[in-house]
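Take a look at the letters that make up each chain.
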Amino acid sequence: MENKLVNIKVNGKKYKVAASSTILCACKGCGIDIPSLCYLEGVSSEAACSMCLVEVKGAKTLVRACVMNVSENMEIFTKTQRVNNARRINLELILANHPLDCASCDKDGDCRLQDLAGEFGIKKSRYFSRDKIFGKKQNTAWQANPFIHLDPDKCIQCGCCINSCKHEAVQEAISFSGRGYRQKVSTPFSVPLEQTNCQFCGVCVQVCPVGALVEKPRIGKGKLKDFISTDTICAYCGVGCNIILYKDIRNNLVMSKGIANKKINNRRLCVKGRFGYEYADSPDRLTTPLIKENGKFRKAAWKEALSYTARKLSKIKAKYGPDAIGVLGSSRCTNEDNYLIQKFARAVIQTNNVDNCARLCHSSTVAGLGKAFGAGAATNSISDIEDADVIFIIGSNMAETHPVIAQIVKEHKKNNNPKIIVCDPRYVQMAQVADIFIQQFPGTDVALLNGIMKLIIDKHLDNRKFINAHTQGVNEFKKVVNKYDLKKVSRTTGVQPCRIEAAADIIGQAKNMMIFFTMGITQHTTGVDNVLSIANLALLTGNIGRRGAGVMPLRGQANVQGSCDLGALPNVFPGYQKVQDPDVIKKFQDAWGVELSAKVGLPVSEFAEESIKGNLKAVYIMGENPLMTEADINKTRYAYKKLEFLAIQSIFLSETAQMADVIFPAASAYEKEGTFTNTDRTVQLLRPAKQMPKGAKFDWQIVSDLSTAMGYPMLYKNSTQIADEIAQLTPSYAGIHHYRLQKEGIQWPCIDDKHTGTLFLYKDAAFKKPNKKAQFSAISYKQANELPDKKYPFILTTGRILYHFHSGNETRRVKVLDKFVPRNYVEIHPEDARKLKLKHNEMANVSTRRGSIKLTVRISERPKKGVIFIPFHFKEAAANVLTNSALDPVSKIPEYKVCAACIKPLKKKRR
Amino acid sequence: MKISNLSALNAYKEKGLKKLKPRIPRIAVGMGTCGIGNGADKVYHCFKKILKNKKIKAYLSKTGCFGFCAKEPLVNIYLPHKPLIILHSVSTKDVPEIINCVKSGNLNKISKEKILCKIEKWDHLTEQIFYGRNFPEIPAWDKTPFFKSQKKIVLRNCGLINPEDIDEYIAAGGYQALYKVVKQALPHKVIQQLKASKLRGRGGAGFPTGRKWELTKQAKADQKFIICNADEGDPGAYMNRNEIESDPHSLLEGMLIGAYAMGATEGIIYVRAEYPLAIGRLKTAIAAARNYKILGENIFNSGFCFDVNIVEGAGAFVCGEETSLIASIEGFAGRPRPRPPFPSQKGLWTKPTNINNVETWFNIPVIIARGGKWFAKTGSASSTGTKVFSLVGKIQNTGLVELPLGTSLETIIYDIGGGSSLGKKIKAVQTGGPSGGCIPREFFSTAVDYESLARLGAIMGSGGMVAMDEDNCMVDVAQYFVEFTTSESCGKCVSCREGLYQALGIIKAVTKGQGKLKDIEELERLGLAIKDSSLCGLGQTGPNPVLTTLCYFQDEYKEHIYEQRCAAGICESLFLSPCENSCPLHMNIPAFIQLFREKRTEDAFWQIIQDNPLPGVTGRICHHPCESRCRRMDIDQAVGQREIHRYISDTIYKQNKDKLIFKTLRKKRQPETGKKIAVVGAGPAGLTAAFYLRRLGHKVTIYEAQAQAGGMLQLTIPAYRLPRILLKREIKNIAGLGIKFVFNKKIGVDIPLKKLEKQHDAVFIAIGAQKELILKLPGENLKGVLSGVAFLEKGGFSKTLMQDEKIVVIGGGNVAIDAARTALRSGAKAILIYRRQENDMPADKQEIEEAKKEGVVFEFLATPCKIIDNGKGQVQAVELVRMESGGFDVSGRRIPVPTDKTFRVSCDKVILAIGERVDSQIFKKNGLAQVKNNTLKVDKFTLKSSREKIYAGGDVLTGPATVAQAMADGKKAAKIIDLRFMRKGRFEKLFKAFKFKQIAPVEPQGKSRSLPRTLLVKDRVKNFKEVACGFSKAQMENETIRCLRCDVKGA
């Protein structure tokens, strides 16, 4: 139906266009421009602005081209006197109430109304301006927030903002209030915007055709024509949103916009993508290498710092052997950077002690999914969401961690009403749109999943055909699962049986189910078990290997996927080629021209332990901040202090950098060229949106220079060269070159230069396993490493919030974000708070066996009773002081999500 | 309680029939909202109390509305085997008498004023009910004017059955159609019937219902909805409310049949929350139907399931639009959505949905019961069936009327509506509420159906019909409706949201006298653009009231803009008081009344004279439009403003103070300007123009064909109405200002117009309309046939008539009356023949009365066809044709139609006074543009003719009209001619402002209107003494304090 063509006539000329298109789209395709102020591509149009009017033969009135579909033999006229007249009058009517202060308007030059007024040659409307009915009261709803500014006088009530909020952000935070000429864009009951469910994603600002809505940070910074724009990739989470960044003539970033890439974000951004670019221009940026002498840093020349580091590392390598050195790559750095850092570790240091922060987030996934299916990556594409009829979200607060994917899921829910099941110890935002919300205790996911799977088996909803044809190990699996009867599961997880049953029904009957999970699943001592259970569920119901059916671990940082793909892991070379495999070793030895170690290296989570034991003597870090992100920071700090040498490439003087012996100033993600691989395996090109500060260098340059200084010359001229080398050595990246990525990204595996990438893995259930069969695992529920007791009666769980990112080094330096959420807090259930006499917004002390922090209390019904939640972005009260560093035996991931804690109100000091 | 088969249904029918036609008397009170508003519930309780107290066995019930709103409360009474009697305007006072009559069985003894009609047999269409025959003296319902043209299909049960009793509905044949459909017909057969009926949606747009149902039926979905749109929001429309209030089950049955045909399982009635009674009765009806299992699961054991819910609308007009209505039900703001997809494809909750108006649903059971073909017989070819209209506004019989489509507006307004309620001319009818338009009188012969109304720029809408008379300002009407649509616009489309607002702004400025010349064009431009570029019906039709008034009443807009005048006296900022506004000369009437009360008679006279240089004349013969607009009429009668005005001038004349005042005027006139102006004609228009022009300092010469000044005042108005001494005195006063008169010079004959043009800076032509119309009758040239004017010219002075001669006067205007009365005074007998009815006579009503008193014999509805010769070339008799009243003409009067009946009246003389026209020869000769070869064509607002320099005013523009109008033209011409040479603001300087008390009486003062004394008939009928004697001093005092001082603003 979509491809059916119809004949139409536009202004007397014949055309053939798609039957499903609107007149506006069809005409656009034919090269005929129809003006519009309220048309939002891809979103149902408000049909309000009356600018796209055209004459259609046979229609009584003029027709809105934006909503009327073409039909066979339709005759359309876009330029008649009648059309022109109507458009002109409507334009004048709009202009009558629109201030003509273009000279001082931030949107001057970026205003569709201005363009149209120019096109029609209207200098001043013939109509009178109506009394300004909007008083100051209206403004208050928009005044307090630091992100979005509304000038109601400029609003032309096209409804773009409301429509985009409704259909793209799917928040419905704003709406029209009033009727007729009293109509205005408002929040429910005119409460301040921050009290609505507005997430400040700013899509409303982006679609506003006039200067009514502007980003507050850009006000007064100039006009679009003064800016230089760059299409690049957002450097925060793993969604990989395509953005346009604008810099002003002073090389400062001033604005960002989402690109309408339908496969990824399609114009959407989150608050960080929209407003979080400011850190790149921070005065805190490092601009010169620093060397620590007598506990104090001094500025050093690049040459000196490089040779100093080379000397130190060589000495340690010579003294203790290569395995006494650990190297950290970074998920915030490009594929090229990570490739080089692991090459540096393996070829220069000659150790496999190379890892990256993916260890701390998705190592369980890589291990678990690898075991079950053969590869650890997300099986499907983001764009598959629209094909799923059941969406199962477990252990993922995606509305805050991957806001854009959450928006896509919500849009799908709104349009096609798939069933959504959300399992989370907290009442996360997605629970609002869920059909079933399950609030299990932290760390009981295996029990919950096994319980669900038992019900599915009992109800004969399991996909036997699929299981028999494409899996193995089902019998052992069933034996274990059979022990998880509903009552027991309910008791363990704290979830009402009816909810588990309902979830099982929905999952069992799903045609296409997509499972989303993040740290709630992986950051446990049972992380791999959790992931395997999820894999079991996908296999049991046959939900894998199709569009819209699969397992989607959502990656937390811009390039987690890529840094793993490119081998910044202790056990694999780029492309997950095992270090123990002699063929692989040979291949890389040939390529790199040095002997390589076949011994699996240390994961980052064991660096501290090994340092304490005295086995690890030096660490070289590229762009990471383990002293904020490792569990049990106090212990980590102690361990890193013990090191003989610590060097770091960083953009800020982070907590870790402060402990380093040498610091190399690096370029930020907005200044780099290279590639990021996002959560659905799309490799996308990053372009420099601004120049890096004088004195800083690209990460790959620093690594190259250091290698060269250590006697292994790396003479890359640019990242493209590195990418080509990656393609040579990495089968799944074999066809990925920068020149192919100019327009849009490619999803790996991409096996050669002609291959267009892979939308979903395991087509026809061909798993990357011997005999192509997926593996069921028999998983029993194990308790978390540390459980509440009398002294520490609460389960503490940690996580990310929307407005900040990880160690906070970037977002805390973005004024608007830091202003909005300036300090850390602990969320606690009202009943618990009452018992402990905790008051909202007052200070409390939270402590665990490992330490204690002071922070604000936020009483909220989001956590389950007995559970408290603390975000981990704030160095003033770092959550990881508290967390347990116990590791998953397989993936070596610490148990961030569960530990025992106690909370006490902090007595106010009497003065 | 479940009705599962036909016998059960019939059992309930019997039960219901026993309630409708009980063995004891049945008294049913009409308890619609309008009935209750007029006290029906008090009447009901009064009946209840007395029946109980007196222990009279009678069945007291409620009914809905029978439609005659003007006569509420209605009560219908049934005595076994006798016709149903409908009583009107029943109050609690009447109840005991009615009960006595009911008790005695003598219904015809109820006072005749209370009996509206009787019903012997009633066709409910789904069933017929025979009540009984009797009471021959009471008219049958379909013989009364209000009901005669009506046909009750939709309202078949309204006002007859108890809306709260399902049994009575079943008794009237209710739910039989549903039974038939559910048990026998296949869904597509229902739709076939509907298509055969050609029923069109009654919500206003008129989409064929059968087609709409078919679309919904064809749509594939797991669930379908049907919706009844009862969000009736048009100002002045209340059909749907009454329909639901009076007969809720008809709606349910219609919806049930629809649901069955379309495969819907759920129905929603979207009804305004402002209709609590309708909602209450609907709820009762739904509960009753559910109780009988007519709603719900497995209806009539057929497996068909359907239920209905009520959704109350929150009062947004735009929610009457179907997509907004759906949005509203879904819980969103009532904002329309683009179509397609149409609701029949994707409607409520994205399921196929059919929406019909209340009235559409009401038609369904009848179409099923009687068949589509039967239905299609009513109405016109493309618009079948009937339509219920709520007839309101300035007509006598307001009410809810149901008429076959295609009935003409005339029938609706005059036959049913009884014409104007205040005896004024109906000017327009507004149909379709804010989306509709104003249809002017000229188009009243239009048949009311979807297409013809659309052709006139109006729409049928939901059927509101508001009659407007000359007291309605069409600009104000447009403003009212645009104000409504502006505030009801949802705000989505720019064109509607901003455009209507701008239109309103422009209209508001016009009503305040701040309009600009380009405004009319702008309104049109804007209106068309709004229509063309709005998404939903509200915007697409919102400008209709503006566009139609602009089209048909543009002069009213121009009057507001050019002259800052609102003739209807509605736009308050444009006038001082209604009397001042209605006076063509804009005399400040409250001022001179107040000045007189303050004992400042001279000032009062001065106040009069500066607006009106012929106060004595107009004080006697003005047609006093002021009095017809006097607000005192709302209390008792109008203030006698003409008589007050006459009294003041007479007082001054008696005291001879006028000379001094005119001397002062002469002294105070503006310095000589050196401009020479010719005034042609010394009638009231010419004299007035000269009066002002001279005072402005111009040199004025009046050219008059006659030997003396005065024009028609002098020539035709008999002295018993206007004493000649007075006329001469006033002319002399004016002449005394320094005006040159040239008598006996006829322009175009004695002096060429071109010469005048050359010699003067401006020429004002005010030659009047003096050429008599002729009938071209056989025998018109006989001796003894005179023209009215010619007769009157001589009548006062020479005895052309013989004692006891029999004179026939033909005509109905003032000249005819004057001729007849003059004839009487000359000793003759006078018979006046007029072709229409007495009410239609253009002559002054008071004059007609006086003529009757004096002995003039009137013969109406007759017109001469031949004047018969006595063989000597002299008149012997007149042969007359009997006329009959036909349809209505543009003036709202019935057109006389000749019958074949003729008769003769013998007489000695015949005076033809059928009117005068302008002698247009002079125009033709001089190449001046004319209107229809008759009157002179001038610009309405500048009085300028097609030739530069030449202006005109008075009867020469209008044909025979009033003195005041002619003088007004003179006054206006003076102002405009002065502006031609001089700067602005000079004219205003001629007017002296008097200070007087600006206090309005808190309570109305004075007694009822004083009537001036007239001479006794015997004292006047043989002479030419003035008949009316004016007020006495005491009368004058009473009359002046009666003024309500509408000119006092603010406070």
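That block above? That's the structure.
From a predicted model like this one, the values you see are computed outputs, not experimental measurements.

**Student:** Is there a simple way to explain the overall build of chain B in this structure?
**Tutor:** A tally of helices and strands in chain B yields 43 helices and 34 strands. Over its C-alpha atoms chain B spans a radius of gyration of 34 Å, differing by no more than 12% from the 31 Å that the globule rule assigns to 1051 residues. For chain B, the spread of C-alpha atoms along the three principal axes comes to 100 × 65 × 60 Å. Relative to its 1051 residues, chain B shows a buried fraction of 62%. Expressed as a percentage of contacts within chain B between residues at least 6 apart in sequence, the contacts between residues at least 24 apart total 72%. Taken as a whole, chain B presents about 40,300 Å² of accessible surface, with 52% of it coming from carbon and sulfur. Distance between charge centroids for chain B: 2 Å, based on 160 positive and 107 negative side chains.

**Student:** Could you clarify how one ought to interpret helix α33 (residues 724-735) of chain B in this entry?
**Tutor:** The α-helix advances 3.6 residues per turn, and as a result positions three or four apart in sequence lie on the same side. Residues and elements named next belong to chain B. Helix length check: α33, at 12 residues, gives a terminal C-alpha distance of 16 Å against a target of 16 Å (1.5 Å per residue), a fit within 8%. Taken together, the buried positions of α33 are occupied by Arg-724, Leu-726, Leu-727, Glu-730, Ile-731, Asn-733 and Ile-734. Packing partners of the buried residues in α33 comprise α27 (615-621), α29 (641-654), α30 (658-667), α31 (684-695) and α32 (712-715).

**Student:** Hey, could you run me through the packing of helix α26 (residues 601-609) of chain B against α29(B) in this one?
**Tutor:** The relative placement of two packed helices is expressed as an angle between their axes plus a distance between the axes. All names here are of chain B. Running from N to C, α26 and α29 point in directions that differ by 115 degrees, and their axes come no closer than 9 Å. Here α26 runs over α29; the crossing is left-handed. Each of Thr-601, Glu-602, Ala-604, Phe-605 and Ile-608 in α26 lies in contact with α29, whose residues at this interface are His-645, Ile-648, Ser-649, Thr-651, Ile-652 and Tyr-653. Here the contact of α26 with α29 is built from residues that sort into 6 nonpolar, 4 polar and 1 charged.

**Student:** Please explain the sheet that holds strand β27 (residues 862-869) of chain B as it appears in this structure.
**Tutor:** Strand pairing in a sheet relies on backbone hydrogen bonds. The paired strands run either parallel or antiparallel. All names here are of chain B. What the 3 strands build is an open sheet, ordered β27-β28-β29; its pairing is antiparallel. Both outer strands of the open sheet, β27 and β29 (894-906), are each paired with one neighbouring strand and no more. Ignoring strand direction, the axes of neighbouring strands in this sheet form an average angle of 20 degrees. As judged from the 9 bridges shared by strand β28 (residues 875-888) and β29, these two strands associate in the antiparallel manner. In the strand pairing of β29, Met-883 is matched with Pro-898.

**Student:** For this particular structure, what's the right way to read the nonpolar core?
**Tutor:** The nonpolar side chains of soluble globular proteins are, as a tendency, buried together. Ranked by size, the top nonpolar core spans 210 residues in total, and within it Leu313(A), Phe344(A), Phe516(A), Trp592(A), Tyr620(A) and Tyr670(A) carry the most contacts. When neighbours within four sequence positions are excluded, Phe516(A) is seen to be in contact with Ile385(A), Ile391(A), Phe392(A), Ile393(A), Ile394(A), Met398(A), Ile405(A), Met552(A) and Leu554(A).

**Student:** I tried to follow the interface of chain B and chain A on my own but got confused; where do I start?
**Tutor:** How big an interface is tends to be expressed through the accessible area that disappears when the partners come together. At the interface, 33 residues of chain B touch 35 residues of chain A. When chain B packs against chain A, the two sides together hide about 2,800 Å² of surface, and 53% of this comes from carbon and sulfur. Area buried by chain B at its contact with chain A is led by Tyr501(B), Arg525(B) and Asp532(B), which between them contribute 22% of it. Counting across the interface, chain B meets chain A through 3 salt bridges. The shortest N-O distance in the salt bridge between Arg82(A) and Asp532(B) comes to 2.5 Å. Counting the contacts that link chain B with chain A gives 18 residue pairs in polar contact (both at pLDDT 80 or more).

**Student:** Mind showing me how you'd approach the pattern of salt bridges here?
**Tutor:** Pairing is possible between side chains of opposite charge, provided their charged atoms come close. Residue and element names in this part refer to chain B. Applying the stated criterion across every chain yields a total of 121 salt bridges over all chains. Where Glu-127 meets Lys-13, a salt bridge forms, and the shortest distance between an N and an O atom there is 2.5 Å. Linking Glu-127 in the loop between β6 (121-123) and β7 (128-130) with Lys-13 in helix α1 (residues 6-20), this pair joins segments that are 114 residues apart in sequence. For Glu-127, a relative accessible area of 26% puts it in the partly exposed group. Across the pair Glu-274 and Arg-272 runs a salt bridge, and its minimum N-O distance is 3.2 Å.

**Student:** Just checking my understanding: could you explain a positive patch on the surface for this structure?
**Tutor:** All names here are of chain A. On the surface, Lys-483, Lys-487, Lys-488 and Arg-491 cluster together into a positively charged patch. With respect to the helices, strands and loops of the structure, Arg-491 is situated in helix α16 (residues 486-493). Look at Arg-491 and you get exposed, because its relative accessible area is 64%.

**Student:** Is there a simple way to think about the packing of aromatic side chains in this case?
**Tutor:** The relative placement of two aromatic rings is captured by the distance of their centres and the angle of their planes. Applying the stated criterion across every chain yields a total of 57 aromatic pairs over all chains. A ring pair is formed by Tyr12(B) and Tyr292(B), whose centres lie 4.3 Å apart and whose planes are at 35 degrees; its orientation type is tilted. Of this pair, Tyr12(B) sits in helix α1 while Tyr292(B) is found in the loop between α12 (276-291) and β10 (296-299), placing the two residues 280 residues apart along the sequence. The class of Tyr12(B) is buried, set by a relative accessible area of 15%. The ring centre of Tyr320(A) lies 5.1 Å from the NZ or CZ of Lys617(A), which sits over that ring. Positioned above the aromatic ring of Phe441(A) is the side chain of Lys864(A), whose terminal nitrogen or guanidinium carbon lies 5.0 Å from the ring centre.

**Student:** Help me understand the side chain of Arg359(A), please; the structure alone is not making it clear to me.
**Tutor:** All names here are of chain A. Mapped onto the elements, Arg-359 comes out in the loop between β16 (354-355) and α10 (363-372). Given a relative accessible area of 9%, Arg-359 falls into the buried group. The residues touching Arg-359, leaving out its near neighbours within four places in the chain, are Leu-569, Pro-570, Pro-603, Val-604, Ser-605, Ser-891, Lys-892 and Ile-893.

**Student:** Help me understand the pairing of strand β9 (residues 266-272) of chain B in this model?
**Tutor:** All names here are of chain B. Of all 7 residues that make up β9, 6 are buried, and the element is covered over most of its length. When strand β8 (residues 225-230) meets β9, the two strands line up parallel, connected through 6 bridges. Bridging from a neighbouring strand, Ile-227 pairs with Ile-268 of β9. Pairing between β9 and strand β11 (residues 304-313): 7 bridges, direction parallel. When the bridges of β11 are listed, Val-271 appears paired with Glu-312.

**Student:** What should I look at first to understand the environment of Lys794(B) in this one?
**Tutor:** All names here are of chain B. Its place among the elements puts Lys-794 in helix α35 (residues 788-795). For Lys-794, a relative accessible area of 47% translates into the label partly exposed. Each C-alpha atom of the pair Lys-794 and Pro-352 lies 84 Å from the other, and the pair is 442 residues apart in sequence.

**Student:** I would appreciate a short explanation of α31(B) in the present structure.
**Tutor:** Residues and elements named next belong to chain B. Between its terminal C-alpha atoms α31 stretches 17 Å, which fits the 16 Å expected from 12 residues at 1.5 Å a residue. α31 sits mainly inside the fold: 12 of its 12 residues count as buried. Looking at α31, one finds that the buried residues are Pro-684, Ala-685, Gly-686, Leu-687, Thr-688, Ala-689, Ala-690, Phe-691, Tyr-692, Leu-693, Arg-694 and Arg-695. Gly-697, located one to two residues past α31, shows a positive phi value of around 95 degrees.

**Student:** Is there a simple way to explain the pairing of strand β17 (residues 464-469) of chain B in this structure?
**Tutor:** Regular strands place side chains that alternate from one sheet face to the opposite one. All names here are of chain B. β17 sits mainly inside the fold: 6 of its 6 residues count as buried. Residues Gly-464, Val-466 and Met-468 point to one face of β17 and Met-465, Ala-467 and Asp-469 to the other, with burial holding for every one of them. The pairing of strand β13 (residues 386-393) with β17 spans 4 bridges and is classified as parallel. Residue Gly-393 lies in a different strand from β17, and its bridge partner there is Ala-467.

**Student:** Sorry, what's going on with the sheet that holds β13(B) here?
**Tutor:** Residue and element names in this part refer to chain B. A sheet is described by the order of its strands in space; here 5 strands give the open sequence β14-β13-β17-β15-β16, paired in mixed fashion. Each of the sheet's edge strands pairs with one partner strand only, and the pair in question is β14 (399-404) and β16 (437-440). Within this sheet the neighbouring strands show an average axis-to-axis angle of 30 degrees, counted without direction. Of the strand pairs in this sheet, strand β15 (residues 426-431) and β17 are connected by 5 bridges, and their pairing is antiparallel. For Thr-431, the partnering residue across the bridge sits in β17 and is Met-465. Lying on the sheet, helix α10 (residues 239-246) is in contact with β13, β14 and β17; it crosses β13 at an angle near 115 degrees.

**Student:** Would you mind showing me how to read unusual backbone geometry here?
**Tutor:** It is generally the case that most residues other than glycine have a negative phi and that most peptide bonds are trans. Residue and element names in this part refer to chain A. Here Trp-748 and Pro-749 are connected by a cis peptide whose omega angle stands at -5 degrees. As for its placement among the helices and strands, Pro-749 is situated in the loop between β30 (746-747) and β31 (774-775). Even without being a glycine, Tyr-762 presents a positive backbone phi close to 60 degrees. By secondary structure assignment, the location of Tyr-762 is in the loop between β30 and β31.

Cut-offs used in this document
- Residues numbered from 1 in each chain as written.
- Chains lettered and ligands numbered in written order.
- Predicted model: local features only at pLDDT ≥ 70, side-chain atom pairs only at ≥ 80, totals over all residues.
- Heavy atoms only, no water.
- Helix = DSSP H or I, 4+ residues; strand = E, 2+ residues; numbered from the N terminus.
- Rg over C-alpha atoms; globule rule 2.2 N^0.38 Å.
- Buried < 20%, exposed > 50% of the residue type's maximum accessible area, 1.4 Å probe, protein only.
- Contact = heavy atoms within 4.5 Å.
- Areas by Shrake-Rupley, 256 points an atom, 1.4 Å probe, with all protein chains shown as cover.
- Lys, Arg positive; Asp, Glu negative; His and termini not counted.
- Charge placed at Lys NZ, Arg CZ, Asp CG, Glu CD.
- Expected span 1.5 Å × (residues − 1).
- Axes fitted to C-alpha atoms, helices over the stretch in contact; angles between N-to-C directions.
- Left-handed = near helix turned anticlockwise from the far one by under 90°.
- Nonpolar A, V, L, I, M, F, W, Y, C, P; charged D, E, K, R; others polar.
- Pairing = 2+ DSSP bridges.
- Core = buried A, V, L, I, M, F, W, Y, C linked by side-chain atoms within 4.5 Å.
- Buried area = accessible area lost by both parts, 1.4 Å probe.
- Salt bridge = Lys/Arg side-chain N within 4 Å of Asp/Glu carboxyl O.
- Polar contact = N/O pair within 3.5 Å; in protein donor to acceptor, adjacent residues only side chain to side chain.
- Patch = residues over 30% accessible without salt bridge, like charges linked within 9 Å, V, L, I, M, F, W, Y side chains within 5 Å.
- Phe/Tyr/Trp six-rings, centres within 6.5 Å; stacked < 30°, edge-to-face > 60°.
- Lys NZ or Arg CZ within 6 Å of the ring centre and 35° of its normal.

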